[in-house]
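Residue-level structural notes
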Amino acid sequence: MESIHILVVEDDPAINQLLCTIASDAGYDCRPAFSGSEAALLAEQYSYDLILLDLMLPGLTGEEFIARLRKGKTMPVIVLSAKAGTEDRVNVLKLGADDFIPKPFENAEVLARMEAQLRRYKKFSSAAEASVLTWGDLSLDRESVAVTVSGKEINLTAREFEILALLMSHPKKVFTREQIYQRVWGEEYMGDDNTVNVHVSNLRSKLGKAGEGEYIKTVWGIGFKMGDMEG
């Protein structure tokens, strides 16, 4: 069985050790990093399947690390932070984080969220899901986990990729926020969560900067679908 590699970025040695223990006890290979700068170097040198990330770090901050990482990497990032206000959560999601767990955390919840992220990431990067979806000049390759607009590759987070793949799989269908959340996050939708809006907005912005069309259309009062162009 192929090993799953986890990078834990946390400057508090005790918390770092705890997170590594949670990962190791579940059978994952874990590497600790104690600063944003160290984590950035490790992320460039090695391949990881998931990153657990604190925000308040020496060197690069967690936010700066995410911004740098997302220039070329798509693996899921789970932020664990005492900065648990709504604005903090929204900001890191906009930057490219895939999940947010406030401190103090429950060990079982951390593991459950790790496993959920890994299932989705492996599903969409697996050759078993290999297929290319196109819509106008937009192309999504599930096997290589790549998205291009007019041949230009767009860097998306794992979550953004999953949302786009869902919409492109049924381009004429309007997906409600609840449907997107349940399909992509795999959790019950609570109704007042802004997470889907943030991710769709971020995805739409990235696609809009690369091309001319309206790739994702908001159907007011219902949800989202692919834009009105020929696929």
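Since this is a predicted model, take the numbers as computed values, not measurements. (Residues numbered from 1 in each chain as written. Predicted model: local features only at pLDDT ≥ 70, side-chain atom pairs only at ≥ 80, totals over all residues. Heavy atoms only, no water.)

Describing unusual backbone geometry
This is how the line gets drawn: Helix and strand assignments come from DSSP, with helices taken as H or I runs of at least 4 residues and strands as E runs of at least 2, each series counted from the N terminus. Only protein chains enter the accessibility calculation, which uses a 1.4 Å probe. A residue is then buried if its area is under 20% of the maximum for its type, exposed if over 50%, and partly exposed in between.
With an omega of -5°, the peptide bond between Lys 103 and Pro 104 qualifies as cis. By the element assignment, Pro 104 lies in the loop between β5 (99-102) and α5 (107-125). One non-glycine residue with positive phi stands out, namely Val 145, at about 50°. On the accessibility criterion, Val 145 (19% relative accessible area) is buried. The phi dihedral of Ser 150 is positive, around 50°, even though this residue is not glycine. In this structure, Ser 150 sits in the loop between β8 (146-149) and β9 (152-154). Given the relative accessible area of 55%, Ser 150 is considered exposed.

Brief notes about the sheet that holds strand β6 (residues 132-135)
Spelled out, the test is: A pair of strands counts as paired when DSSP detects no fewer than two bridges linking them. Here the axes come from fitting lines to C-alpha atoms, over the contacting stretch only for helices, and the angles between their N-to-C directions go from 0 to 180 degrees.
Pairing is antiparallel in the open sheet, where four strands are placed in the order β6-β7-β8-β9. With one partner strand each, in any of the chains shown, β6 and β9 form the two edges of the open sheet. Along the sheet, successive strands turn relative to each other by an average axial angle of 25°, direction set aside. Sheet topology note: the strand β7 (residues 138-141)/β8 ladder contains four bridges and is antiparallel. The partner of Leu 140 across the bridge, within β8, is Val 147.

Here we look at the confidence of the model for the chain
The predicted structure's coordinates, where accompanied by low pLDDT, should not be read in detail. What counts is decided by this rule: A score between 0 and 100, pLDDT records how confident the predictor is in each residue.
For the chain, per-residue confidence averages 87 on the pLDDT scale, and 93% of positions sit at 70 or higher. Per-element mean pLDDT across the chain ranges from 85 in α5 up to 97 in strand β3 (residues 50-53).

Some points on the environment of Pro 13
Note that Pro 13 resides in helix α1 (residues 13-25). On the basis of relative accessible area, Pro 13 is assigned to the exposed category, the value being 55%. Here the alpha-carbon distance between Pro 13 and Arg 177, two residues 164 residues apart in the chain, equals 39 Å.

With respect to helix α3 (residues 62-69)
Rule in force here: Think of it as the arc spanned by the lines of direction from the helix axis to the C-beta atoms. Here, residues are in contact when the closest pair of their heavy atoms is within 4.5 Å.
When we look at burial in α3, the residues that qualify are Gly 62, Phe 65, Ile 66 and Leu 69. The arc that holds the buried residues of α3, viewed along the axis, is 100°, so those residues lie on one side. Close packing links the buried residues of α3 with α2 (36-45), β3, β4 (77-81) and α4 (86-95).

Focus: the packing of aromatic side chains
As a reminder of what qualifies: Stacked, edge-to-face and tilted are the three classes for Phe, Tyr and Trp ring pairs, Trp counted by its six-membered ring, which pair at centre distances within 6.5 Å; planes under 30 degrees apart are stacked, over 60 edge-to-face, the rest tilted. In this scheme, Lys NZ or Arg CZ marks a charge over a ring once it lies within 6 Å of the ring centre and within 35 degrees of the ring normal.
For the structure on display, the rule yields one aromatic pair. Ring centres of Tyr 181 and Trp 185 lie 5.1 Å apart, and the angle between their planes is 5°; on these two criteria the pair is classed as stacked. You can call Trp 185 buried: its relative accessible area is 4%. A cation over an aromatic ring shows up here: Lys 173 above the ring of Phe 175, its NZ or CZ 5.2 Å from the ring centre.

Points about the pattern of salt bridges
We apply this condition: By definition, a salt bridge exists where a carboxyl oxygen of Asp or Glu is found within 4 Å of a side-chain nitrogen of Lys or Arg.
Taken as a whole, this structure holds seven salt bridges when the rule is applied. One salt bridge connects Asp 54 with Lys 103, and the closest N-O pair in it is separated by 3.3 Å. Taken together, the residues span a long stretch of sequence, with Asp 54 in the loop between β3 and α3 and Lys 103 in the loop between β5 and α5 at a distance of 49 residues. Overall, the relative accessible area of 4% leaves Asp 54 in the buried class. According to the relative accessible area criterion, Lys 103 is partly exposed, its value standing at 22%. Where Arg 113 meets Glu 109, a salt bridge forms, and the shortest distance between an N and an O atom there is 2.8 Å. Of this pair, Arg 113 and Glu 109 both sit in helix α5, four residues apart, which is roughly one turn of the helix. Its relative accessible area of 32% is what places Glu 109 among the partly exposed residues. When salt bridges with common partners are traced through the structure, they connect Glu 10, Asp 54 and Lys 103 into a single cluster.

Details of the sheet that holds strand β10 (residues 175-176)
If you walk across this open sheet you meet the three strands as β10-β12-β11, and the pairing is antiparallel. Each edge of the sheet is formed by a strand with only one pairing partner; in this case those strands are β10 and β11 (216-219). Pairing analysis gives four bridges linking β11 to strand β12 (residues 223-226), with the strands arranged antiparallel. Note that in β12 the partner of Thr 218 across the bridge is Phe 224. Across the sheet, helix α6 (residues 158-169) touches β10, β11 and β12, and the angle it forms with β12 is around 70°.

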